[in-house]
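Results of the structural survey
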Amino acid sequence: MDLFRKVFYPIESLVYFVLMVLAVTTICGATHYWDVTQAQTIVIATVSGMIGVFAPAIVEKLFKIKFSHLIDIIIAVDLFAAVILGEALTLYYYFPGMDKIFHFFATAELALGGYVVAKYFLRKTNKGSHQVLFALVFAFFFAIAFQAFWELYEFTFDQIAGTNMQKYIPSEFYDRIDVDGNLQLSQEEIAAFYSQFGGYHFALEDTMFDFVADILGALTGCVGCAVAFHFYPQLQDHIIYRPTEGVILDEAKEGNLNEKRQN
């Protein structure tokens, strides 16, 4: 592990550890930073965040590849936005559209990651005559699949721990949750909300609009990859490899090599 990660990873992990401790004290009743349901969500999110911090290093070990520090920074920004801004500061409740924005950009970034990884292995083996097309298709479905598993992750913890990661509790009810995580609403208020189309479709619509944002993000990411790497193919090398450790073949050399092999 290089110096950047030796400094960057511990700082990130410490931030999420401290936040987790504060959430645990809320669950235990020692503090009241959040309601219990939100504190449980934050505990799960911070543990996941501490694992996510090391994701690039883990993938590198498994697949014997090297990522640039740009990947570490992108993941750090995404985790900060989701865990700190979204959950700890509860901005998800006050700005409902923020969740969709995060989904859009996260899926676009996943498409970028899927593209450069697919292109790396294709170029390394030097196989296939439609590498760019295959890499773009792989990038799209890789990003969508990851976000599908993310929805299952949220659903699983909502079922097991009673959290609100899928935001099935409407934002207008958030201020009516007591310290034990119970809604302080009358039966008439609950019936009035859930008897309407927007009420009984609320949770389903939230998840489906997440998928819409994911699809748009994946398409945007793929188009961005196709355009950017067409004009600047060397950028792929600076994402999948650290510049100090060498780069893979550029497009011109790759084409010459294919031509020589065919001859």
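Described below are features of the structure shown in this document. Residue numbers here run from 1 along each chain, matching the order of that chain's written sequence. Note on the predicted model: pLDDT of at least 70 is required for a residue's local features to be given, and 80 or more for side-chain atom pairs to be given and counted; whole-chain, interface and lining totals, by contrast, use all residues. Where side-chain values are given, they derive from all heavy atoms of the structure, hydrogens and water being excluded.

1. Regarding the overall build of the protein
- A tally of helices and strands in the protein yields twelve helices and zero strands.
- Helix and strand labels come from DSSP, where a helix needs a run of H or I of at least four residues and a strand needs a run of E of at least two; each type is numbered from the N terminus. Of the regular secondary structure in the protein, the N- to C-terminal order runs α-α-α-α-α-α-α-α-α-α-α-α.
- With a 1.4 Å probe rolled over the protein chains alone, any residue whose accessible area is under 20% of its type maximum counts as buried; one over 50% counts as exposed, and the rest are partly exposed. Scored against the burial criterion, the 263 residues of the protein give a buried share of 43%.
- The long-range fraction of contacts in the protein, counting pairs at least 24 apart against all pairs at least 6 apart in sequence, stands at 69%.
- As presented, the protein carries roughly 14,500 Å² of accessible surface, and 72% of it is formed by carbon and sulfur atoms. Whether two residues touch is decided by their heavy atoms; if any such pair falls within 4.5 Å, the residues are in contact. Note on areas: these come from Shrake-Rupley sampling with a 1.4 Å probe, and a residue is covered only by the protein chains present in the view.

2. A look at a nonpolar patch on the surface
- A residue counts toward a patch only above 30% relative accessible area and without a salt bridge, and it is joined to like-charged neighbours within 9 Å or, for Val, Leu, Ile, Met, Phe, Trp and Tyr, to nonpolar neighbours within 5 Å. Salt-bridge detection follows one rule: a side-chain nitrogen of Lys or Arg within 4 Å of a carboxyl oxygen of Asp or Glu. There is a patch of nonpolar side chains on the surface, built from Met1, Phe54, Ile58, Leu62, Phe63 and Phe121 and spanning about 610 Å² of accessible area.
- A total of three residues in the nonpolar patch trace back to one element, the largest contributor, which is helix H3 (residues 55-63).
- If you trace the backbone, Phe63 turns up in helix H3.
- Exposure remark for Phe63: the relative accessible area of 48% places this residue in the partly exposed category.

3. Notes on the nonpolar core
- Residues enter a nonpolar core if they are buried and are Ala, Val, Leu, Ile, Met, Phe, Trp, Tyr or Cys, with the set joined through side-chain atoms within 4.5 Å. Within the largest apolar cluster, 22 residues are counted, with the highest numbers of intra-cluster contacts made by Tyr115, Val116 and Phe229.
- If you list the elements that add at least two residues to this core, you get helix H6 (97-125), helix H7 (131-161), helix H10 (202-231) and helix H11 (235-240).
- Looking at this core element by element, the count peaks at seven residues for H6.
- Setting aside its immediate chain neighbours within four residues, Phe229 contacts Leu112, Tyr115, Val116, Leu235, Gln236 and Ile239.

4. Considerations on the side chain of Gln166
- Relative to the helices and strands, Gln166 resides in the loop between H7 and helix H8 (187-194).
- Residue contacts for Gln166: discarding those within four places in its chain leaves Glu151, Glu154, Phe155, Asp158, Asp206 and Thr207.

5. Structural notes on the packing of helix H2 (residues 36-53) against helix H4 (residues 69-88)
- Two numbers describe how H2 lies on H4: the axes approach to 10 Å, and their chain directions differ by 170 degrees. When the interaxial angle is binned, H2 and H4 end up roughly antiparallel. Contact residues: H2 offers Gln38, Thr41, Ile42, Ala45, Thr46, Gly49, Gly52 and Val53, while H4 offers Ile75, Leu79, Val83, Glu87 and Ala88.
- For the contact of H2 with H4, the class distribution of residues is seven nonpolar, five polar and one charged. Interaxial angles span 0 to 180 degrees and are taken between N-to-C directions of axes, which are lines fitted to C-alpha atoms, for helices over the stretch in contact. Should an angle fall under 35 degrees it is called roughly parallel, over 145 degrees roughly antiparallel, and 65 to 115 degrees roughly perpendicular, with every other angle called oblique. Think of it as three bins: nonpolar holds Ala, Val, Leu, Ile, Met, Phe, Trp, Tyr, Cys and Pro, charged holds Asp, Glu, Lys and Arg, and polar takes everything else, Gly as well.

6. A closer look at the packing of H6 against H10
- At their nearest, the axes of H6 and H10 sit 7 Å apart, and the two run at 40 degrees to each other. Taken together, the axes of H6 and H10 are oblique relative to one another. For the element pair H6 and H10, the recorded crossing hand is right-handed.
- Residue composition of the contact of H6 with H10, grouped by class: 13 nonpolar, five polar and five charged. Here is the rule for handedness: rotate from the far helix to the near one, and if that takes an anticlockwise turn smaller than a right angle the crossing is left-handed, while a clockwise turn gives right-handed.

In short, shape yes, function no, at least from these values alone.
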